[in-house]
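Understanding the architecture of this molecule
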Amino acid sequence: MLTVRDLQALREAVAAFRADGASIALVPTMGALHAGHMALVEAARRPGTKVIASIFVNPRQFGPNEDLARYPRREAADARLLAEGGCDLLWMPPVEVMYPRGFATNISVGGVSEGFDGAARPGHFDGVATVVTKLFNQTGADTAYFGEKDYQQLAVIRRFVADLDMPIAIVGVPTQRDDDGLALSSRNIYLDEEQRAKATALPRALGVAARAIGRGDDPETALAEARVALVAAGFEVDYVALADAETLAASPSADRPRRLLAAARMGATRLIDNVAIGSNS
Ligand code: PAF
């Protein structure tokens, strides 16, 4: 696996892949890789495809009081995992390559990015949309893979790719979970043993509510019960909400795909999760 940190070298490597007739699949990450990221790499590996993973802890998507400074960084271990997982190229630009002096452009997506995490984390999805646009342009990828765990992020990316006619296919990969149901996340390492045990209430509460709503129970009652279950487990609830699976609009029609989304704080750690209504995912 080639590791590349400057744009010229990346462009040359991508041109060599193209000269061999390969298509390019991109797996964007912020590092601290776990099995959820490796499922993206696995999904991206196809005959005739070269897989590029990026690791860039993007300062523009962290709020002033968020965990940018202490976000886990494990470059050597991440590079080993990616090489073992069959990744062909690791794109690891320094901040000054991604945002050179004078950088002044912002990609801002309306609608789908406004509620939920967009409301709780002002500017977060502008930061995501801006860096993901740059990663698409830098790599020239044909396809990019994102986890459904960050469901709103995936919906925002699908929106701007469609709106801006970007020639790239976006693939969502189902959330990977520990045996007890907790969604894999780089932030799970912030939880101590007791918090980690209590955190299983999040997927449990979402599962119970999704099944209830799926069989036609009143959504507001199911959401209220989920909030009560989370508080009882020691969570401080940010939101538990039902939304249209594509637009994330509230009060979705039951004849369209719907998604149940939640964010809640266990101690200082903010966890998010989501499930489809009408399936077990
Ligand atoms: O999901 C993430 O790890 C990040 O938000 C992403 C997509 C790599 C953009 O920085």
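Structure: above.
Our subject in this report is the structure included herewith.

Bringing helix H3 (residues 75–84) into the picture now. Buried within H3 are the following residues: Asp78, Ala79 and Leu82. Looking down the long axis of H3, one finds its buried residues gathered within 100° of arc, a one-sided arrangement. Residues of H3 that are exposed and angled more than 90 degrees away from the buried face: Ala76, Arg80 and Glu84. The secondary structure elements touched by the buried residues of H3 are helix H2 (35–44), strand S3 (49–55) and strand S4 (89–91). Gly86 occupies a position one or two residues after H3 and carries a positive phi of about 90°.

What follows is about the sheet that holds strand S5 (residues 143–147). Read from one edge of the open sheet, six strands run S1-S4-S3-S2-S5-S6, paired in parallel fashion. The sheet is open, and its two edges are formed by strand S1 (2–4) and strand S6 (169–173), each paired on a single side. The sheet shows a mean angle of 25° between the axes of neighbouring strands, taken without regard to direction. Against the sheet, helix H6 (residues 124–139) touches strand S2 (23–29), S3, S4, S5 and S6, its axis set at about 150° to S2.

Direction of pairing for S5 relative to S6: parallel, over a ladder of five bridges. By the bridge assignment, Ala144 is partnered in S6 with Ile170. In terms of handedness, the path from S5 via helix H7 (residues 151–163) over to S6 forms a crossover that is right-handed.

It is worth spelling out the site of the ligand at this point. What surrounds the ligand is the set Pro28, Thr29, Met30, Asn58, Gln61, Val131, Val132, Phe146, Asp150 and Gln153. Between Gln61 and the ligand, the recorded distance is 2.6 Å, taken from a side-chain N or O atom to an oxygen atom. A distance of 2.6 Å separates an oxygen atom of the ligand from a polar atom in the side chain of Gln153. The fraction of the free accessible surface of the ligand (290 Å²) that becomes covered by protein chains is 89%. Elements represented by at least two residues in the shell around the ligand include exactly S2 and H6. In terms of residue class, the shell around the ligand is made up of five nonpolar, four polar and one charged.

At a minimum axis distance of 9 Å, the contact between helix H1 (residues 7–19) and H6 shows a crossing angle of 55°. With respect to H6, the axis of H1 lies oblique. Across from Leu7, Leu10, Arg11 and Val14 in H1, the residues of H6 making contact are Asn137, Gln138 and Thr139. When its residues are assigned to classes, the contact of H1 with H6 shows three nonpolar, three polar and one charged.

Residue position: Arg11 is located in helix H1. Of the residues examined, Arg11 reaches a relative accessible area of 43% and is grouped as partly exposed. As a C-alpha pair, Arg11 and Ala276 span 265 residues in sequence and 39 Å in three-dimensional space. Beyond its immediate sequence surroundings of up to four residues, Arg11 is in contact with Asn137 and Gln138.

Counting residues in hydrophobic clusters, the biggest one holds 46 residues, and the most contacted among them are Phe136, Ile157, Phe160 and Ile170. Within the residue set of this core, elements represented by two or more residues are H1, S2, S4, H6, S5, H7, strand S7 (236–244) and strand S8 (258–266). In contact with Phe136, other than residues within four places in its own chain, are Leu26, Ala141, Ala144, Phe146, Ile157, Phe160, Val161, Met166, Ile168 and Ile170. Counting residues in hydrophobic clusters, the runner-up holds 26 residues, among them Ala222, Leu230, Phe235 and Val240.

Thresholds applied
Residues numbered from 1 in each chain as written. Predicted model: local features only at pLDDT ≥ 70, side-chain atom pairs only at ≥ 80, totals over all residues. Heavy atoms only, no water. Buried < 20%, exposed > 50% of the residue type's maximum accessible area, 1.4 Å probe, protein only. Helix = DSSP H or I, 4+ residues; strand = E, 2+ residues; numbered from the N terminus. Arc of directions from axis to C-beta. Contact = heavy atoms within 4.5 Å. Pairing = 2+ DSSP bridges. Axes fitted to C-alpha atoms, helices over the stretch in contact; angles between N-to-C directions. Right-handed = clockwise from strand over helix to strand, strands pointing away. Near = heavy atom within 4 Å. Polar contact = N/O pair within 3.5 Å; in protein donor to acceptor, adjacent residues only side chain to side chain. Areas by Shrake-Rupley, 256 points an atom, 1.4 Å probe, with all protein chains shown as cover. Nonpolar A, V, L, I, M, F, W, Y, C, P; charged D, E, K, R; others polar. Parallel < 35°, antiparallel > 145°, perpendicular 65-115°, else oblique. Core = buried A, V, L, I, M, F, W, Y, C linked by side-chain atoms within 4.5 Å.

Don't take any of this as a statement about function, it's just geometry.
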